[in-house]
Amino acid sequence: MIPNTSVSRRGFLGLAGGLGAAAALAGCGTSGASSTGGAVTGTSVAVLPSTAPATWNAVLTKLNGKLKNDLGFELDAQFINWSNYQQQSLLKFTAGEKFDSALQALWLNMAQLQQSGSLVELTNEVAKYKNLSATLPKKLLESNSWDGKLWGIPQVNSAARVQHFVIRQDLADSLGFSTITDFEQLERFFYAVKQKNDGTVPYGAPSNSGYLHAVPVPTGMFNARSWQSPDTIARAFSGKGMFFILAKDAAKTGSSAPEAFWDDEGVVETLHRIRKYYNDGIINADALNVDGATLTSQWMAGKFAAGWAMTDGTSSNSLNTLQKAVPKAALANIMPLSGGLSAKPNQTFQADNMVVVNSKGGNLDRAMQLQDWLSIRENHDLLTYGIEGTDWEPADGNKFKRLNDYAFPGYALSWRPSLERKSLSISPTEEKIFDWAQNFDNFTVDPFASFIPDVTPVKQQVAAMSNVITQFANPLFYGVVDVDTQLDKLKKAADGAGVAKLQEEMEKQANAYLKKHA
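Calculation notes
Residues numbered from 1 in each chain as written. Predicted model: local features only at pLDDT ≥ 70, side-chain atom pairs only at ≥ 80, totals over all residues. Heavy atoms only, no water. Helix = DSSP H or I, 4+ residues; strand = E, 2+ residues; numbered from the N terminus. Buried < 20%, exposed > 50% of the residue type's maximum accessible area, 1.4 Å probe, protein only. Contact = heavy atoms within 4.5 Å. Phe/Tyr/Trp six-rings, centres within 6.5 Å; stacked < 30°, edge-to-face > 60°. Core = buried A, V, L, I, M, F, W, Y, C linked by side-chain atoms within 4.5 Å. Salt bridge = Lys/Arg side-chain N within 4 Å of Asp/Glu carboxyl O. Pairing = 2+ DSSP bridges.

A. Layout of unusual backbone geometry. Cis geometry is found at the peptide bond from Val217 to Pro218, where omega equals 5 degrees. As for its placement among the helices and strands, Pro218 is situated in the loop between helix H9 (183-196) and helix H10 (224-228). Here Ser50, not a glycine, exhibits a phi torsion of approximately 85 degrees, which is positive. By secondary structure assignment, the location of Ser50 is in the loop between strand S2 (43-49) and helix H3 (56-71). Residue classification places Ser50 among the buried residues on the basis of a relative accessible area of 13%. We note that Phe349 has phi near 60 degrees; this positive angle belongs to a residue other than glycine. Following the sequence through the fold, Phe349 ends up in the loop between strand S13 (346-347) and strand S14 (354-357). We classify Phe349 as buried; its relative accessible area is 1%.

As structure tokens, this is what we get:
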């Protein structure tokens, strides 16, 4: 993403913002209405990552005027810097603060919050709200239910999500790479950029992108084997930390046989490739420590030739700003799958982002009414794109043209597959990939699609391994240490943290899941 976009959905940047917390807290609390869409009052506070958009106050004033008139309450947002969001949003739940909803995800704290009773179950709620239910495909709700229970409203703008690359097409053209279709070509492009030696770094990575470089989910950015066979999605308790790779034939054998990610031949091969990239200057030297906001500003200044992208059609949004620094800049998205877009990568169809309702300090009716109200195009467009004629204007083909820098984190509150508009600046390659990602049939359902491992039996080991991954695995994911030496240190530390217990519990739960869904 450019790093920034990745952040958008995997979070790294931003500034704290939003409106006054005091006013927000004063407006919270249960109104007494039942969960049938009855009248509610006050202010619906949403805890959101990223920053308050430019012109946010003007948009919120207009939005609240309409929301108060339509439903009788208002919206407030507590924006938290991406770099602190995981910890601070968790603290808000555990401290019993009064807010209605928040962005959560498996890669944040969602499993922990669900297991601690901090979330309202929404299984029977969506159907009560006609606008909301009309914009959420049945398959999306099924895919995002855990053991048949829904704990959040999926925020997606496509059916499937596959990480890939956004590149500077103007550089590719100048170096003779007009079309890049496989990983080998992409790697040669990286080295051609480096050989050009004009100060452009071939690939820019932010500090929180770690395991995404090597571990298949189903692709690892530099895992060439995963681009050839995107048929495995690694698993971790709570969706982060220590990843295990489950057997490819598990659905046939009934045995998940999880192996630590460092025992996978493709991952180890990738770690050596990343180390080479680091030594050769293909990856930015400060990747282990640089924050997403800094990296994004560097991308906008034209420092990098490529970065991370997701299949949500947003990586081209950076083009207008990039062209202020590099007038001839052009972007393209590269999905170097063997077989191209006919490859059918594995997918769980689980959303990267979910809106959850706070069970200990939120108002269910108000939160769901807001989600329903935002499922109406006029309201969705106002929050997502800003004031029409001031912040944006419609363009042909359900696209929109930005008129200023207003950019609301729609993935955290208002993403609906049928309501999203494409940016007028979207590149032809990104538009093609985005359209491809809209169709569930273009993907293979992963055998562990709705498997959410319960962290309860191994809480202590998960916490200990989190520290081990940060200290010993992250340097490997950025190539800053010798692979063989560091792997020895990692394995030794992991043994002490209880990785064997984690592996045993993962196998036990995964096998039980297979048996139940056979």
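B. Local environment of the environment of Gly302. Summarising the element assignment, Gly302 is placed in the loop between helix H13 (292-300) and strand S11 (306-309). Judged by its relative accessible area of 14%, Gly302 falls in the buried class. Remark: the alpha-carbon pair of Gly302 and Ala102, spanning 200 residues in sequence, is separated by 34 Å. Excluding its chain neighbours within four sequence positions, the residues that come into contact with Gly302 are Arg168, Thr200, Leu322 and Val326.

C. Expanded view of the packing of aromatic side chains. Following the criterion strictly, the structure yields 31 aromatic pairs and no others. Note on Phe165 and Phe222: the rings are 6.2 Å apart at their centroids and 45 degrees apart in plane angle, and the pair reads as tilted. Taken together, the residues Phe165 in strand S8 (residues 164-168) and Phe222 in the loop between H9 and H10 connect sequence positions 57 residues apart. We note that Phe165, like Phe222, is buried. Measuring from ring centre to ring centre gives 5.2 Å for Phe261 and Trp262, while their planes differ by 70 degrees; the resulting arrangement is edge-to-face. Pairwise contacts between aromatic rings join Phe165, Phe177, Phe189, Phe190, Tyr191, Tyr203, Phe222, Trp227 and Tyr277 into one cluster.

D. Looking closely at the nonpolar core. With 83 residues, the main nonpolar core has Phe165, Ile167, Phe189, Phe222, Met242 and Phe261 as its most contacted residues. Considering each element in turn, this core owes the most residues, nine residues, to helix H18 (residues 459-478). Counting residues in each nonpolar core, the second largest holds 61 residues, with Leu67, Leu90, Phe93 and Leu141 among its members.

E. Molecular detail of the pattern of salt bridges. Applying the stated criterion across every chain, the model contains 19 salt bridges. A salt bridge links Glu269 to Arg225; its shortest N-O distance comes to 3.1 Å. Of this pair, Glu269 sits in helix H12 (residues 265-280) while Arg225 sits in helix H10, and the two are 44 residues apart along the sequence. Given a relative accessible area of 30%, Glu269 falls into the partly exposed group. Shared partners join several salt bridges into a network, and the residues in it are Glu187, Arg225, Glu265, Glu269 and Arg273.

F. Main features of the sheet that holds strand S17 (residues 422-423). Ordered in space as S15-S16-S17, the three strands form an open sheet in which the pairing is mixed. Edge positions in the sheet fall to strand S15 (392-395) and S17, since each of these pairs with one other strand and no more. Bridging between strand S16 (residues 399-402) and S17 involves two bridges; their strand directions are parallel. Among the inter-strand pairings, Lys399 is bridged to a residue of S17, identified as Lys422.

G. Expanded view of the environment of Val201. With respect to the helices and strands, Val201 occurs in the loop between H9 and H10. With a relative accessible area of 15%, Val201 lands in the buried category. Each C-alpha atom of the pair Val201 and Trp299 lies 9.9 Å from the other, and the pair is 98 residues apart in sequence. What Val201 contacts, discounting residues up to four positions off in sequence, is Gly281, Ile282, Ile283, Asn284, Lys303, Phe304 and Ala305.

H. Focus on the side chain of Asn64. Relative to the assigned elements, Asn64 resides in helix H3. Overall, the relative accessible area of 9% leaves Asn64 in the buried class. The contacts of Asn64, once residues within four sequence positions are left out, are Glu74 and Leu75.

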